[in-house]
Each structure stands twice: as structure tokens, then as C-alpha cells.
Amino acid sequence: MLEKITYKELLSHAFDIPVSVTYWDGMTETYGEGEPKAKIEIKKQIPLKEMTAKPTLVLAEAYMNGDIEIDGSIQELVASAFRADHSFLTNNPFLKHLPRISHSEKASESDIQKHYDIGNDFYRLWLDKSMTYSCAYFEHDDDTLEQAQLNKDRHILHKLDPQPGNTLLDIGSGWGTLLFMAAEDFGLNATGITLSQEQYDYTKQQIKERHLEGKVDVLLEDYREVKGQFNYVTSVGMFEHVGKENLGLYFKKVHDFLKPEGRALIHGITGQHEGAGVDPFLNEYIFHGGYIPNVAENMKHIMDAGMQMSDLEPLRRHYQKTLEIWYANYTKVIDHVKEKYGVPFARMWGMYLQASAASFEAGNIDVMQYLLTNSPSGTGLPMTRQYVYQADGE
């Protein structure tokens with residue numbers, strides 16, 4: 001009985017929208033004023049000690065296994081929890097203590113392969129044709145996802161103001177879309193690095209099909225082992241994987257990869273507030289070893305590495321929209337995912353995509369593009385940002 005009372009107390013402050021909760025004993029309580037915008041059914045009692053220690057992990061596993069059902073938008077529900085001042089889901093003492101996570105080269109390789117080597121067939125189901133798995137850039141409200149992903153790569157390259165014949169290194173090159181654009185549209189000699197065998201094989205195949213041998217190369221290698229210097233460095237969605245203890249090394253490597261007066265465009269998920277930077281559910285099931293640094297943390301490492309910032313652009317709303325489109329795509333193929341990968345896996349990914357969209361919607365996390373030089377800021381670039389938008393509009 002005492003545990004039920006504690007449950008009610010926790011859930012009564014968890015959301016800033018009206019929510020109804022049906023407990024395992026069949027009793028229903030409504031929290032908040034007005035018609036419930038979401039209905040939660042808890043079919044099986046979860047020990048309070050577990051739920052308050054790692055709430056996102058425990059509740060996510062309960063949802064994956066069907067012990068919790070949600071009638072309504074998971075995105076709206078999670079965004080509400082992030083907005084609520086006293087939600088136990090976000091104000092949790094556990095999150096103030098980072099778990100010890102290894103980011104050795106062997107561990108990093110294993111973490112990347114767990115996520116990206118689920119298989120190209122899975123990602124192909126709900127990504128666009130470019131197989132781009134990062135924040136898109138919507139220049140216009142009616143841009144398709146594929147167009148917005150190409151916009152993003154073009155926006156990144158335009159910021160660098162690259163000159164044909166120069167060299168580019170893409171750290172964490174994914175399925176190679178930026179590499180191909182750099183070579184085909186900008187005349188660059190581009191090299192990508194990845195730890196994912198699936199991404200490596202796909203990129204190699206595309207290089208051959210596009211007849212880009214000698215212009216594009218990809219290495220199955222850890223960024224810490226790559227040698228050489230380049231005119232430009234890009235890195236999209238990579239620093240979230242290196243770990244808190246390796247952020248300084250990562251930005252030092254970016255600096256070392258750059259030739260004198262070289263430029264880098266680093267794009268990644270970044271917090272605009274103090275926080276733990278880790279989530280037990282994401283670390284267990286989605287981004288193994290992931291850590292999201294805040295802006296101040298990144299800037300400290302950038303300065304320590306001897307680089308200067310020429311531009312900083314937040315793209316929070318763009319990632320929210322990207323995730324919402326991914327989820328809409330995913331709902332169309334979820335029956336296939338259930339059949340091939342199992343119901344818990346299918347429910348997990350649907351929940352993850354919605355919860356991530358909610359996190360961006362609420363401003364819990366952001367995504368930033370850092371334009372950096374290893375020389376005084378702006379070296380080699382036009383005097384104003386106008387060059388980027390003029391080039392984007394061509």
C-alpha cells in the first residue's frame with residue numbers, strides 16, 4: 001500500500017500535461033487538470049527502488065516488454081516530463097554520477113558495431129535514400145528528408161569555403177554521403193574513417209559504382225590511429241561516441257589533422273545546460289558508451305587544442321523534425337521490424353525515436369555546428385556569414 005502511495009506521488013509531479021495512469025490493480029488516477037492527453041497503463045508492478053534508481057532504463061524496458069502501454073504520443077509525454085520542474089524522470093540523483101564506461105579503441109569499435117552493424121537493411125527501412133543517419137537541414141518547410149539531408153552536407157561544405165583539389169577528412173563518415181558530395185560537387189579529395197564494417201563495405205561499393213576511385217577513400221580505422229594532415233576536417237555525429245574522458249584528445253586530433261590555416265566543421269549533439277550527459281537506457285540499448293557534452297565543455301577542449309571558433313549554429317528544431325520524419329517512416333514498416341527483429345526491439349526503436357524528438361523539442365539537448373580554425377578565427381574565410389547562405393541558395 002505504501003509503495004502504491006509513493007508511486008502516485010512520483011507520477012503526480014512527472015508531467016506538465018494531464019495524464020491518466022491505470023495501475024496494476026485496475027485503479028485509474030488522473031494527474032493534472034483537464035482531459036488526459038495521454039493514458040498510461042502499468043500492467044505489472046515495478047519495484048520502486050529500481051524505478052527511482054534508473055527510471056528511463058526501467059520504464060523503457062517495461063514498455064519494450066509490454067508491461068507498460070501508452071495510449072497517446074510518447075513524444076508529447078516525454079517532452080512534458082522534460083518540461084516539468086519536479087519530474088523524477090529528469091531530476092534524479094543517479095544521473096549526477098557518471099558510470100564508468102570504457103572508451104578504449106577495442107571498446108569503441110564494439111560500441112559502434114553494436115549500433116550501426118544492426119544491418120544496412122534495418123536502417124534502409126526508415127532512412128532516406130542517402131542513408132544519412134544524422135540531423136537534416138530544412139532550408140524550406142516542404143523539403144523532403146532526402147533533400148534536407150543533402151542540404152545538411154552542402155551547408156557543412158559551404159561553411160568550409162573549400163577550394164577544388166584540396167583534401168578533406170571526414171571523421172565518422174557513416175554511409176559516405178558527405179564524402180561523395182565533397183568529391184563530385186566540390187572537387188575535393190576526400191577520405192572517410194569509420195569503425196562500422198557495414199558502413200565501410202557500403203562506402204567501398206559506392207566508390208566503385210560512382211567511379212570515384214582516386215578521389216574518395218574510406219578507412220576502417222579508429223580516429224586515434226589515423227595519420228596525415230588535410231585542408232579540411234568534417235565530423236558529423238561523432239564526438240558523442242568518444243566519451244567524456246576522450247573529448248580533449250578528440251579535439252586535439254582534429255587540430256593535428258588540419259594543415260596550417262586549415263578549417264574544421266564539427267557537427268554533434270550538445271547540451272545547452274549542465275547535466276550528466278549520459279542516459280542509462282541509451283547506453284544499454286542504443287548508443288553504447290555515448291556521452292553528450294555541453295557547449296561550455298566542448299569550447300574548453302577546443303581552446304585547449306589550440307583552435308578558435310569562427311561560427312556556432314544551433315540546429316535543435318532541425319533534429320526534432322528529422323526525428324519526427326524518421327518515426328513517421330518507421331511506423332510504416334514496424335510490422336516488418338517486429339517480424340524480423342522481434343516485438344521488444346521494434347517497440348524499443350519506436351520509443352527511442354519519439355523520446356529523442358521530445359528531448360530536442362523540450363530543449364533538453366541541442367545539436368550544434370562548430371566552425372573551427374587552427375589559426376585566428378575566420379582565417380581564409382569571407383568577412384561575413386553571407387557567403388554560406390549565398391552558396392546554399394545557388
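Higher on the page you've got the structure.
Residues numbered from 1 in each chain as written. Predicted model: local features only at pLDDT ≥ 70, side-chain atom pairs only at ≥ 80, totals over all residues. Heavy atoms only, no water.

### Re the sheet that holds strand β10 (residues 308–314)
Now for step 1: Read across the sheet, 7 strands follow the order β7-β6-β5-β8-β9-β11-β10 without closing on themselves; strand pairing throughout is mixed. Each end of this open sheet is capped by a strand with a single partner; those strands are β7 (216–220) and β10. Strand-to-strand twist across the sheet, computed as the mean angle between neighbouring axes with direction ignored, equals 15°.
Now for step 2: Pairing analysis gives 5 bridges linking strand β6 (residues 189–194) to β7, with the strands arranged parallel. Considered in β7, the bridge of Ile193 is made with Leu219. (Pairing = 2+ DSSP bridges. Helix = DSSP H or I, 4+ residues; strand = E, 2+ residues; numbered from the N terminus. Axes fitted to C-alpha atoms, helices over the stretch in contact; angles between N-to-C directions.)

### Digging into unusual backbone geometry
The phi torsion of most residues other than glycine is negative, and most of the peptide bonds are trans.
Now for step 1: The backbone phi angle of Met131 is positive, close to 55°, even though this residue is not glycine.
Now for step 2: If you trace the backbone, Met131 turns up in the loop between α6 (120–124) and α7 (145–160).
Now for step 3: The exposure class of Met131 is buried, given its relative accessible area of 2%. (Buried < 20%, exposed > 50% of the residue type's maximum accessible area, 1.4 Å probe, protein only.)

### Regarding the sheet that holds strand β3 (residues 38–42)
Now for step 1: Spatially, the 4 strands line up as an open sheet ordered β2-β1-β3-β4, and their pairing is mixed. The sheet is open, and its two edges are formed by β2 (28–31) and β4 (68–71), each paired on a single side. For this sheet the average axis-to-axis angle between neighbouring strands, irrespective of direction, equals 15°.
Now for step 2: Examined bridge by bridge, strand β1 (residues 19–22) and β2 share 4 bridges and lie antiparallel to one another. Within β2, the residue paired with Val19 across the bridge is Tyr31.

### Describing the pattern of salt bridges
Now for step 1: In this structure the tally under the stated criterion is 15 salt bridges.
Now for step 2: Through salt bridges that share partners, Lys159, Asp311, Glu313 and Arg385 make up one connected network. (Salt bridge = Lys/Arg side-chain N within 4 Å of Asp/Glu carboxyl O.)

### A few points about the packing of helix α4 (residues 74–83) against helix α14 (residues 343–361)
Now for step 1: Between α4 and α14, the shortest axis-to-axis distance is 8 Å and the interhelical angle comes to 40°. The angle between the axes of α4 and α14 places the two elements in the oblique class. Taken as a pair, α4 and α14 cross one another with a handedness that is right-handed. Counted together, Ile74, Gln75, Val78, Ala79, Phe82 and Arg83 of α4 and Met351, Gln354, Ala355, Ala357, Ala358, Ser359 and Glu361 of α14 form the full contact between these two elements.
Now for step 2: Here the residues of the contact of α4 with α14 sort into 8 nonpolar, 3 polar and 2 charged. (Parallel < 35°, antiparallel > 145°, perpendicular 65-115°, else oblique. Left-handed = near helix turned anticlockwise from the far one by under 90°. Contact = heavy atoms within 4.5 Å. Nonpolar A, V, L, I, M, F, W, Y, C, P; charged D, E, K, R; others polar.)

### Thoughts on α7
Now for step 1: The terminal C-alpha atoms of α7 lie 23 Å apart, and with 16 residues this matches the ideal 22 Å at 1.5 Å per residue to within 8%.
Now for step 2: All buried positions along α7 are accounted for by Leu145, Ala148, Gln149, Asn151, Lys152, Asp153, His155, Ile156, Leu157, His158, Lys159 and Leu160.
Now for step 3: Where α7 ends, the next residue or the one after it, Asp161, has phi of about 50°, a positive value. (Expected span 1.5 Å × (residues − 1).)

### A look at the packing of aromatic side chains
Now for step 1: One pass over the full model with this rule turns up 30 aromatic pairs.
Now for step 2: Pairing Phe287 with Tyr352 gives two aromatic rings, centres 6.1 Å apart and planes at 70°, and the pair type is edge-to-face. Within this pair, whereas Phe287 is found in the loop between α11 (280–286) and α12 (295–304), its partner Tyr352 is found in helix α14, the two being separated by 65 residues in sequence.
Now for step 3: Considering the side-chain rings of Tyr319 and Trp326, the 6.1 Å spacing of their centres and the 80° angle between planes classify their relative orientation as edge-to-face.
Now for step 4: Taking the relative accessible area as the measure of exposure, Tyr319 reaches 10% and is therefore buried.
Now for step 5: For the cation-ring pair, Arg347 lies above Tyr63, with the distance from its terminal atom to the ring centre recorded as 4.1 Å. (Phe/Tyr/Trp six-rings, centres within 6.5 Å; stacked < 30°, edge-to-face > 60°. Lys NZ or Arg CZ within 6 Å of the ring centre and 35° of its normal.)

### Some points on helix α9 (residues 197–209)
Now for step 1: For α9, which comprises 13 residues, the first-to-last C-alpha distance of 18 Å matches the rise-based estimate of 18 Å (1.5 Å per residue) to within 8%.
Now for step 2: Of the residues making up α9, those classed as buried are Gln199, Tyr202, Thr203, Gln206 and Ile207. Down the axis, α9 shows its buried residues gathered within 140° of arc, on one side only.
Now for step 3: Of the residues trailing α9, His211 is marked for its positive phi of about 60°. (Arc of directions from axis to C-beta.)

### Brief notes about the side chain of Thr373
Now for step 1: Examined against the element boundaries, Thr373 turns out to sit in strand β11 (residues 366–373).
Now for step 2: A distance of 2.6 Å separates the side chain of Thr373 from the backbone oxygen of Ser375, its partner in a polar contact.
Now for step 3: Side-chain polar atoms of Thr373 contact the backbone oxygen of Pro376, separated by 3.4 Å.
Now for step 4: Sequence-distant contacts of Thr373, that is, excluding residues within four places in its chain, are made with Gly262, Arg263, Met307, Gln308, Ser310, Gly378 and Thr379. (Polar contact = N/O pair within 3.5 Å; in protein donor to acceptor, adjacent residues only side chain to side chain.)

### Some details on the pairing of strand β5 (residues 167–171)
Now for step 1: When you tally the buried positions in β5, you get 4 out of 5 residues, the bulk of the element.
Now for step 2: With helix α8 (residues 177–186) bridging β5 and the parallel β6, this β-α-β connection has right-handed handedness.
Now for step 3: Across 4 bridges, the pairing between β5 and strand β8 (residues 230–236) is parallel. Its bridge partner being in β8, Asp170 is matched across the sheet by Thr234. (Right-handed = clockwise from strand over helix to strand, strands pointing away.)

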